[in-house]
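# Analysis of the macromolecular model
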Amino acid sequence: MSITLSELSQKLGVEHHGDGSVIILGFRSLDRQAPGMMVMAEESEQLEKVAPEVSCVLHSDQLEVDKPGIAHKNPRILLARILELFHPQAPSEPGIHELATVDSRAEIHQSASVGPHCVVGPRVKLGAGVVLRAFVVIGEDSTVGEGSFLQPHVVIGAGCRI
């Protein structure tokens, strides 16, 4: 995926500074910088390490930056959203994987997705659009609300509400 700085800032609902037409090919950490990439600098010491070939910088609004970029009071929050844009989750098919173990007393919405090796306990309720990736364990009498997305190996104890 490639996107201009202007398009990215528009998707994020924030302002950018500098040349909005620069192309961003992805995001990299400061120790893996590459041409066309965006990097993040939260402190002046990090800013000094930004290579000339990177496209732009996501940075703290406390820093003065010459390169095109996006300044924000909490750049880590924006980073999470940027990473979702560059690396979207693969869609999950509704249903229960054949390698999942689901108690017969569990209530699972028809649009929920239960991945391989998941364990869903008695009287668990999974709402609409819930996604359980591989190896998730949900303890008895727990509820996972609509649209929740649980990454692999998450464990939810008995009686929890999410």
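So, how was this worked out
- Residues numbered from 1 in each chain as written.
- Predicted model: local features only at pLDDT ≥ 70, side-chain atom pairs only at ≥ 80, totals over all residues.
- Heavy atoms only, no water.
- Helix = DSSP H or I, 4+ residues; strand = E, 2+ residues; numbered from the N terminus.
- Expected span 1.5 Å × (residues − 1).
- Buried < 20%, exposed > 50% of the residue type's maximum accessible area, 1.4 Å probe, protein only.
- Arc of directions from axis to C-beta.
- Core = buried A, V, L, I, M, F, W, Y, C linked by side-chain atoms within 4.5 Å.
- Salt bridge = Lys/Arg side-chain N within 4 Å of Asp/Glu carboxyl O.
- Polar contact = N/O pair within 3.5 Å; in protein donor to acceptor, adjacent residues only side chain to side chain.
- Contact = heavy atoms within 4.5 Å.
- Pairing = 2+ DSSP bridges.
- Axes fitted to C-alpha atoms, helices over the stretch in contact; angles between N-to-C directions.

### Re helix H3 (residues 75–86)
With twelve residues, H3 should reach 16 Å at 1.5 Å per residue; the first-to-last C-alpha distance of 16 Å fits that figure. All of the buried residues in H3 are Pro 75, Leu 78, Leu 79, Ile 82 and Phe 86. Along the axis of H3, the buried positions cluster into a sector of 105 degrees, meaning they face one direction only. Exposed positions of H3 whose direction lies more than 90 degrees from the buried face are Arg 76 and Glu 84.

### Observations concerning the nonpolar core
By size, the foremost hydrophobic cluster in this structure holds 17 residues, and its most contacted members are Leu 8, Ile 24, Met 38, Leu 58 and Ile 70. When residues in this core are grouped by element, the largest group, four residues, is from H3. Among the nonpolar cores identified, the runner-up in size contains 15 residues, and Ala 106, Leu 126, Val 136 and Ile 156 belong to it.

### Structural notes on the pattern of salt bridges
Inspection of the entire model under this criterion finds three salt bridges. Note that Arg 76 and Glu 42 form a salt bridge whose closest N and O atoms lie 3.0 Å from each other. Here Arg 76 is found in helix H3, whereas its partner Glu 42 is found in the loop between strand S4 (37–41) and helix H2 (44–47), with 34 residues between them in sequence. Judged by its relative accessible area of 23%, Glu 42 is partly exposed. Residues Arg 123 and Asp 141 are paired through a salt bridge, measuring 2.6 Å at the closest nitrogen-oxygen approach.

### Observations concerning the side chain of Ser 55
Looking at the secondary structure, you find Ser 55 in the loop between H2 and strand S5 (56–60). Residue Ser 55 is classed as buried on the basis of its relative accessible area, which comes to 12%. For Ser 55, the side chain forms a polar contact with the main-chain oxygen of Ile 23, separated by 2.7 Å. At a separation of 3.3 Å, a polar atom in the side chain of Ser 55 contacts the main-chain carbonyl oxygen of Gly 36. Apart from the residues lying within four places of it in its own chain, the contact partners of Ser 55 are Val 22, Ile 23, Ile 24, Gly 36, Met 37 and Pro 68.

### Some details on unusual backbone geometry
The phi dihedral of His 117 falls on the positive side, at around 65 degrees, and the residue is not glycine. With respect to the helices, strands and loops of the structure, His 117 is situated in the loop between strand S10 (113–114) and strand S11 (119–120). Phi at Arg 123 takes a positive value of approximately 60 degrees, unusual for a residue other than glycine. Here Arg 123 is to be found in the loop between S11 and strand S12 (125–126).

### What about the sheet that holds S4?
Taken together, the four strands give an open sheet; going across it, the order is S3-S4-S5-S6, and neighbouring strands pair in parallel fashion. Each end of this open sheet is capped by a strand with a single partner; those strands are strand S3 (26–27) and strand S6 (69–72). The strands that H3 touches are S3, S4, S5 and S6; relative to S5, the one it contacts most, it runs at about 145 degrees.

### A look at the pairing of S5
Most of S5 is tucked away, with five of its five residues classed as buried. Judged from the four bridges that link them, S4 and S5 form a sheet pairing that is parallel. Counted as the bridge partner of Ala 41 is His 59 from S5. Of the pairings in the sheet, the one linking S5 to S6 comprises four bridges and is parallel in character. By the bridge assignment, Val 57 is partnered in S6 with Gly 69.

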